[in-house]
Amino acid sequence: MDSSLVSSSTVPQRTRRTRFVCISDTHNCTVKLPKGDVLIHCGDLTNQGSFSELKKQVTWLEGAAGFECKLVIAGNHDLTLDTDFFEQYGNYFHNNTPQNPIDCQNLLTQSNSLTYLQHSSHTIKLTAPSGPRTTFNVFGSPYIPSCGMWAFQYSRSDPTAAEGIWKDIPLDTDILITHGPARTHRDESRHREAVGCESLRQAMWRVRPRLAICGHVHEARGVERIRWDLSNRFVRYKELVSTYQWEDPGAGNGKNCLVDLTAKSGMPLDNDGSKASSSSSSPLVATSSLHMADEPSMKETMVMGVSIGTELEGASPGIGTRGLSGNPASARSDGSVLTGRLGRKETCVVNCAIQASSYPHSGPRKLHKPIVIDIDLPVWDDDS
């Protein structure tokens, strides 16, 4: 069998259950946090990003006991964490109480217990003797399509800008943390509109992380599982029909809002985190533009004596085929993201917004519980 068709993880890895506790859009509120190995906050810690707001949220997160790792990104309401935005528009929000964005950012960048991801990646190893001793690669980003005068935004009408942002996600990403959702996945607003980013969805097709965790659209809180179509040679970025429906086991009771993706659940996530090679950890590279050298000749394809078209003779694999699946070795597929990575067949998407209603919050606030995810991850310490 062609080695390009085989997952890099043909040798079974030892795995252990790892528990993620996921929250987003707390907007100055605090909630009871269940026990877990990893705590994730997907942004909008505050309403307007003042030092006092951020200080309270950071103190709360730092004081959350029992987590070996705590991952945080900013959101569009955390204004002072976006230096460029705040320098231009900060006075519209904090004209009476000027804020120093550096002091605000230092609360996160200099924290001893929080890992602050600023459109960046990190390899996490859980090393506590009493913990799962597992490892994963995470990428976190605060950016969202424009939705008013807020921070960390790119133009909704400029797909090139969006593609330029999301191509930075490394292919070896296991856990993707974004403030906003991908289009059509936990992104339906109170106006019944899909407000997620299509370029992010396309980047997710190429990366196919185990988990994609987000917030931003408060009304879209919930969980779904995407099965990626890795055999369709004609439709770009295609997904398979999913019948998965998450029923919140923690609604209206004292139980955790649990998503069990482990093998013991009977419905394990179909994603082995396979990596083709060391080059796979590099960010996404566009393959859609056509670069021809010295006018390569055209080759006519004949089937039973009938011409069915022409193709470039000697064309490089992957040219003009971004987002197409099929045989990774074929010049007609997006081979760079398929080769050795066919074990990444499914992604669990989680919108973990805590606030139930959108800003500005009027009347008594309704708060959701954190969403807890159990997932099997590879053990890095094989001698344990």
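So, here's what we can say about the structure. (Residues numbered from 1 in each chain as written. Predicted model: local features only at pLDDT ≥ 70, side-chain atom pairs only at ≥ 80, totals over all residues. Heavy atoms only, no water.)

### So, unusual backbone geometry
Negative phi values dominate among residues other than glycine, just as trans dominates among peptide bonds. Phi is positive for aspartate 44, which is not a glycine, with a value near 60°. Within the secondary structure layout, aspartate 44 lies in the loop between β2 (38-41) and α1 (51-62). Located in the positive-phi region is histidine 216, a residue other than glycine, with phi close to 75°. Assignment of secondary structure puts histidine 216 in the loop between β10 (211-214) and β11 (222-228). (Helix = DSSP H or I, 4+ residues; strand = E, 2+ residues; numbered from the N terminus.)

### Section: the sheet that holds strand β1 (residues 15-23)
The six strands are arranged β4-β3-β2-β1-β17-β13 in an open sheet whose pairing can be described as mixed. Single-partner strands in this sheet number two, and they are β4 (115-116) and β13 (257-260). Summarising the sheet, β2 and strand β3 (residues 69-72) pair through four bridges and their orientation is parallel. Residue pairing in the sheet places leucine 39 in a bridge with lysine 70 of β3. (Pairing = 2+ DSSP bridges.)

### Concerning the environment of cysteine 257
For cysteine 257, the position within the fold is in strand β13. We classify cysteine 257 as buried; its relative accessible area is 2%. Each C-alpha atom of the pair cysteine 257 and glutamate 247 lies 9.1 Å from the other, and the pair is 10 residues apart in sequence. Setting aside anything within four residues of it in sequence, one finds cysteine 257 in contact with Arg221, Trp246, Asp248, Pro249, Gly250, Lys369, Pro370, Ile371 and Val372. (Buried < 20%, exposed > 50% of the residue type's maximum accessible area, 1.4 Å probe, protein only. Contact = heavy atoms within 4.5 Å.)

### Remarks on the packing of aromatic side chains
Going through the model one piece at a time under the given rule, you end up with eight aromatic pairs. Pairing tyrosine 89 with tyrosine 92 gives two aromatic rings, centres 6.3 Å apart and planes at 40°, and the pair type is tilted. In this pair, tyrosine 89 and tyrosine 92 both sit in helix α2 (residues 83-94), three residues apart, roughly one turn of the helix. Relative accessible area serves as the criterion here: at 26%, tyrosine 89 is assigned to the partly exposed category. Under the relative-accessibility criterion, tyrosine 92 is labelled exposed at 63%. Taken together, Phe85, Tyr89, Tyr92, Phe93 and Trp150 form an aromatic cluster joined through their ring pairs. Arginine 225 extends its terminal NZ or CZ atom over the ring of tyrosine 244, reaching a point 5.2 Å from the ring centre. (Phe/Tyr/Trp six-rings, centres within 6.5 Å; stacked < 30°, edge-to-face > 60°. Lys NZ or Arg CZ within 6 Å of the ring centre and 35° of its normal.)

### So, the nonpolar core
One recurring pattern in soluble globular proteins is that nonpolar side chains are buried together. Phe20 and Ile373 are the most contacted members of the largest nonpolar core, which has 30 residues in total. No other element matches strand β17 (residues 371-378), which puts four residues into this core. Aside from chain neighbours lying at most four places away, what touches phenylalanine 20 is Val38, Ile40, Phe136, Ile175, Leu211, Ile371, Val372, Ile373, Ile375 and Leu377. Of all hydrophobic cores here, the second largest spans 29 residues; its members include Ile23, Leu33, Leu45 and Leu108. (Core = buried A, V, L, I, M, F, W, Y, C linked by side-chain atoms within 4.5 Å.)

### So, α2
With 12 residues, α2 ought to run about 16 Å at 1.5 Å a step, yet its terminal C-alpha atoms sit only 14 Å apart, falling short of that. Listing the buried residues of α2 in full gives Phe85, Phe86, Gly90, Phe93 and His94. Angularly, the buried residues of α2 cover 110° about the axis, an arc narrow enough to put them on a single face. Across from the buried face of α2, at angles greater than 90 degrees, the exposed residues are Glu87, Gln88, Asn91 and Tyr92. Check the buried side of α2 and you find it contacts α3 (101-109). (Expected span 1.5 Å × (residues − 1). Arc of directions from axis to C-beta.)

### Some details on the pattern of salt bridges
On inspection of all chains with the given rule, the structure shows 14 salt bridges. Here arginine 201 makes a salt bridge to glutamate 198, at a shortest N to O gap of 3.0 Å. Here arginine 201 pairs with glutamate 198, and both are found in helix α5 (residues 198-207), just three residues apart, close to one helical turn. A salt bridge links glutamate 346 to arginine 227; its shortest N-O distance comes to 3.8 Å. Of the two residues, glutamate 346 sits in strand β16 (residues 346-351) while arginine 227 sits in strand β11, which places them 119 residues apart along the sequence. Using a relative accessible area of 30% as the deciding quantity, one classes arginine 227 as partly exposed. Three or more residues joined by partner-sharing salt bridges are found here, namely Arg225, Arg227, Asp270 and Glu346. (Salt bridge = Lys/Arg side-chain N within 4 Å of Asp/Glu carboxyl O.)

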